[in-house]
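Descriptive structure summary
Here is what each chain is made of, one letter per residue.
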Amino acid sequence: MASSERSALLTYRLCGGSGEEERGRERGRAAAAATPRKLPTFLGVVVPTLLSMFSVVLFLRLGFVVGHAGLYQALAMFAVAYFIIGMTVLSVCAIATNGALDAGGAYYMISRALGPEFGGSIGIMFFLANVCGSALYVLGLVEAVVDSFGIPPGQEAGTGVHVLPQTYWYELLYGTVLLGLCLLVCLVGASIYAKATFLIFLIVAVVLGTILISFFATRPIGVPIRLPYVNGSEMDNGSFTGFSLATLRDNLRGGYSVDYTTGQMMSFSSVFAVMFNGCTGIMAGSNMSGDLKRPSYSIPRGTISAVLFTYLVYNLLAFLMCATCNRTLLQKDYGFLRDISIFPPLVTVGIYAATLSAAMSNLIGASRILYALARDDLFGRALSLAKKTSASGNPVMAVILSWLVVQLVLFSGKLNTIAGVVTTFFLLVYATVNLACLALEWASAPNFRPTFRYFTWHTCLLGIAGCCVMMFLISPVSASASLGFLLVLLLALHYLSPSSTWGYISQALIFHQVRKYLLMLDVRKDHVKFWRPQMLLMVQNPRGSSRLIDFVNDLKKSGLYVLGHVELQDLDTLPSDPLQPQQDSWLSLVDKLNVKAFVSLTLAPSVRHGVRQLLFTSGLGGMRPNTLVLGFYDDAAPQDGLARHPAFTSAREEVPLGFPPLREPASPKLLSAREYVGIVADALKMLRNVLLARQLESLDKAWELRRAASPPPSIHVWPVNLLRPDSARYADTCSLFLLQMACVLNMARAWRRAHLRLFLCVEAGAMPHAQEEKLRQLLKDLRIQAQIQLVPWDTVTRLHWQMRRGPPGGPAPAGAEEEEDEGTVNFPANATQVSDEYVCAANKLVLEQSPAPAVRFLYLPRPPADTSLYPLYLHQLELLTRGLGPTVLVHGVSAVTSTQL
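Residues numbered from 1 in each chain as written. Predicted model: local features only at pLDDT ≥ 70, side-chain atom pairs only at ≥ 80, totals over all residues. Heavy atoms only, no water.

A separate point is the overall build of the protein chain. A tally of helices and strands in the protein chain yields 32 helices and 12 strands. Here the protein chain holds 901 residues, and 55% of them are scored as buried. If you take every contact in the protein chain between residues at least 6 apart in sequence, the share linking residues at least 24 apart comes to 82%. (Helix = DSSP H or I, 4+ residues; strand = E, 2+ residues; numbered from the N terminus. Buried < 20%, exposed > 50% of the residue type's maximum accessible area, 1.4 Å probe, protein only. Contact = heavy atoms within 4.5 Å.)

Following this line, the structure appears as C-alpha cells:
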C-alpha cells in the first residue's frame, strides 16, 4: 500500500508525463534507450550554441549590419537582441532545471508546460524556424563559395579558380549538394555530429583569433569590389584604413542604402532581422537535450556562457570594424574579412566551416523536434513516418523529412530574402518559451521548483513584450501570418488531438484565479439585485433524467449548477471509496450533455441523509446551492433518455458511461414517500428554495421551441397556491420566486421564443379588473413581460367551502387559526381539509387552459408540520399535477426580486 502511494510522487515530472505514458514511450523506442546519453556540457551545449551564433552573421553579415546601421544603432541592436534572448535564456534555464528533459528541446519544454495544443503548434513553428534557419545558413555558405570560386559577373568564362557559374539554378544546385553533405553527417547520428562540430569549433576559434589580429596587423589597403547587376557588374572601391578616428566618426551614425543582393532599401527593422539570426542559436543546446548526459545541469551553464561570450565578441568586432573600415567596404563587400585578413584562405575555411556547422545544427534540431512531435502522436498518422529510428536510436526518417523541407526553402534563392521570416519564427518561439515559464510561475504550483533561481515573472513578461514588439517592427505581415498559422494549428490540435497526461497549465492558472476570486466573493455583500439561482439537482440515475438535467441547465441563469447523487453504502464495510470510479462517468456525462455543471457524489445510509450532506457541503465560499431540484415521486416507469439522446446515438459514439440499468417498474424504490417529503421539509428548514419537476422527461425541447406552429410555445405560470384557496395571495415570497423562475427560463437563449402566460384566479364579486391592474403593475415594476389571463374558479372553490361546511366569513373550523407567517404560508392546518374532489377540480382547471404549454409552473405548498400527513401531502400533489405534462412545482423562501436599479 505504501509503495503504491509513493509511486505517483516517484514518477512525477513537471515537464514529463505519467508513469504509464513514460513506460509506453520507452517501449516504443527501445533501440534509442539502448544507447546511453553521452554528450557533456561543452560538446553538447556550448559548442553547438557558439557555432550557431558564430556563423553567417559573424563572417558574412556583421559588416553589413554595422555599415548600414552605424556603430550606435548596431550596439543598440545588439542590446535589444541580447535583452530578448537573455530573458528567454533565463526562462529556458528555469524550465530545464525543473524536471527531466527528453528529446525535442524547446518543443518538449513548451508542450509539457502549456499542454499539447500549445506545445504541438509551437513545435511545428519551431520546426519551421529551424528548417528556414538551416536553409539560411546553406544559402550563406553558397554565397561564400560563389564569392570565392564563382565566375565574376559579366564574364562568360572563368579564370583560375573562378570556375563556378553564378545563375539562380546553379546556386540552387550548389545549395543542394551542400545540404546533402549536412544530411550525411546528420544521418550518422548526434555523436558524429558532436565530434564534427568540435573540430569545426576549433577551426572557427582559430579563424576568429586571426581576424582579431588582422585588425591590428594589416596595413591600410584599398579593396576593389565587383557589384553584380542584372546586365553585368560594376566596380567600386572600399578602404581598410586601419585604426582611424575619422573612419570611426563616419561610421558612428546610420547610413542605410540599397542592398546589392536583393535591390531593396534597408532600414532599422530589415537590418535587425538579418542581425538577429546571429542570436537564434541559443536553442542549439536545448535541441540536443535528448543526447546530453545531464540536460538540467548542462543547458543553463552552457547556454549562458555561450550567450555572454558571443555578446562580447559581437560588440568588440562591431567597434573594430567601425574604426578601421569605411562604409563602402562594409556595405558592399560581405566577404571583406577575407580581404583584410593576414591569411585569407584560413578565413575562407572558417566561413565554410561555421556556416556548414550552423546548417547541420539547425537540421538536426529540426529533426529532433519532428521526431518528438511524431512520438507524441499529436498529429496522428501525418507524422507516423518520422517515428522510425536506426539501430542506434538516430531518428533517420525525421532527418530525411527535415532535409526535404529545407530543400524546398532553398528555392527562395537569397539569404536576406528569408532572414525576416526566420527571425519572426524564432521570436515567436522565444515569446512562447517565456510564456511557458510565466504561466508556471503565475500558477504557483508547489512542484515548480527549478534549481535555477535567477528569473522572475518580470523577466518572462519583458521577454514576451520584447519578442512581440520586434516581431511586428520587423515585418507586420510575417508576424500576423505566423500568429494566424499558430492559431489555426492550436485550434486544429484542440479539436483533433487525443487527450494527454502531461498536465495542462491552463488548469493550474484557472485554479489559482478561481481560488483568489472565491476568497473575494463575500456572502455578506450579497444583494437581491444580483441574486441568481444556484441549483442542486438530485439525480438517482442519469439514464432516466437526461432531459431534466438539460432543463435545469436552462434554468440556472449563469449560476452554480451541481448534479448531486447519493450512493447508499457504508464506507466502514468497504475496502475503498466506491465513488472514485464513478466520477469519470459523471464528468463524461456532463461533457456529452453539454451542460455547465459540477458533480457532487456522496455516501450515506439513506437518501435523506445524503441530500442533507450535499446541501450542507456542496459549493464553496459564496458559491453554494440556494435551490434544491428533485424529480417527482410517483409510480411512472422510468425511461432511458440517454439511449435516445443525440449525444449517445451517433454512429461514432458508444455508451461507455458506467451507469446501472434503470429500475424495473415492479422493483422497490430507494426511498419512501415519507422520506421524499422529509427531504423537501429539510431543504425549506435550511432556507433552500425547492423545485419539484414532474414529467420533464416528456419535454421535447427541440420540437417545442423550434416548431413553426402558431401561436408560439408558451410557459404557463400559476402563482397562487391552488391547495389553499382561502389564503391565496399573488405577492408573497413564494409567488414572487415562482414568477422569477419562470422569467429566468424565458430569458434562456433556447426559450426566448416562448411567451409567459400568467393566470389570475378570480371569484365573482372580487373586483377582478382591480386585481388584474394591480398584478399588471407588479409585473411592470419587476420588468417581467407576461400575458395576464383571468380564470374564474368559483366552481372549484365552492367545493372547498362545502368541505369546510361554511361560507367565507363564517365560523372558522378548528385548526384554522394555525395560520403561518408570510414566507411559510399555506398547508399545515389545511392538510385534511382539502378533498380529493377539490384537488381534481383544480387539476382540471389548470388542464383546460389552452393551448397546451411547453411547461407549467405551479405553486408548491409547504409540507405539513405533522409528519404523519406526509403521504397525504404527496398524494394531493400527485392529483394536482396528474396529466399536466411537464410541470415544475416551486416553493421559494428567499426574496429574489427587486424594483431598484
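From this point, the narrative continues.
A complete count under the given rule lists 23 aromatic pairs for this structure. Centroid distance Phe448 to Phe455: 6.1 Å. Interplanar angle 75°. Geometry classified as edge-to-face. With relative accessibility at 6%, the residue Phe455 sits in the buried group. An aromatic cluster of three or more residues is present, and its members are Phe54, Phe78, Tyr82, Phe309, Tyr311 and Tyr314. Positioned above the aromatic ring of Tyr297 is the side chain of Arg294, whose terminal nitrogen or guanidinium carbon lies 4.1 Å from the ring centre. Across from the ring centre of Tyr517, 5.6 Å away, lies the NZ or CZ of Lys516, which sits over that ring. (Phe/Tyr/Trp six-rings, centres within 6.5 Å; stacked < 30°, edge-to-face > 60°. Lys NZ or Arg CZ within 6 Å of the ring centre and 35° of its normal.)

On to a positive patch on the surface. Residues Arg532, Lys557, Arg749 and Arg752 make up a contiguous surface patch of positive charge. By secondary structure assignment, the location of Lys557 is in the loop between α22 (546-555) and β4 (561-568). (Patch = residues over 30% accessible without salt bridge, like charges linked within 9 Å, V, L, I, M, F, W, Y side chains within 5 Å. Areas by Shrake-Rupley, 256 points an atom, 1.4 Å probe, with all protein chains shown as cover. Salt bridge = Lys/Arg side-chain N within 4 Å of Asp/Glu carboxyl O. Lys, Arg positive; Asp, Glu negative; His and termini not counted. Charge placed at Lys NZ, Arg CZ, Asp CG, Glu CD.)

This paragraph deals with unusual backbone geometry. Geometrically, the link from Ser850 to Pro851 is a cis peptide bond, its omega value of 0° lying close to zero. With respect to the helices and strands, the residue Pro851 is situated in the loop between α31 (836-848) and β11 (855-859). Positive phi is not limited to glycine here, since Lys557 has a value of about 50°. Despite not being glycine, Asn594 shows a phi value in the positive range, around 60°. With respect to the helices and strands, Asn594 occurs in the loop between α23 (580-593) and β5 (598-604).

Once that is clear, we can look at the packing of helix α7 (residues 116-149) against helix α18 (residues 415-443). A pair of packed helices is captured by two measures, namely the crossing angle of their axes and the spacing between those axes. At a closest axis distance of 9 Å, the pairing of α7 and α18 adopts a crossing angle of 150°. When the axes of α7 and α18 are compared, the crossing they make is left-handed. Residue composition of the contact of α7 with α18, grouped by class: 19 nonpolar, 4 polar and no charged. (Axes fitted to C-alpha atoms, helices over the stretch in contact; angles between N-to-C directions. Left-handed = near helix turned anticlockwise from the far one by under 90°. Nonpolar A, V, L, I, M, F, W, Y, C, P; charged D, E, K, R; others polar.)

Right, let's get into the sheet that holds β5. One key point about sheets: their strands pair by backbone hydrogen bonds, in either a parallel or an antiparallel sense. Overall, mixed pairing links the 10 strands, which are arranged β5-β4-β3-β6-β7-β12-β11-β8-β9-β10 in an open sheet. Where the open sheet ends on each side, the last strands, each with one partner, are β5 and β10 (787-792). For this sheet, the mean inter-axis angle between neighbouring strands, taken without regard to orientation, is 25°. Of the strand pairs in this sheet, strand β3 (residues 535-538) and strand β6 (residues 627-631) are connected by 3 bridges, and their pairing is parallel. For Met535, the partnering residue across the bridge sits in β6 and is Thr627. Taken strand by strand, helix α24 (residues 607-617) contacts β3, β4, β5 and β6, and its axis lies near 135° from that of β5. Packing against the sheet, α31 makes contact with β8 (714-718), β10 and β11, and its axis sits at approximately 145° to β11. (Pairing = 2+ DSSP bridges.)

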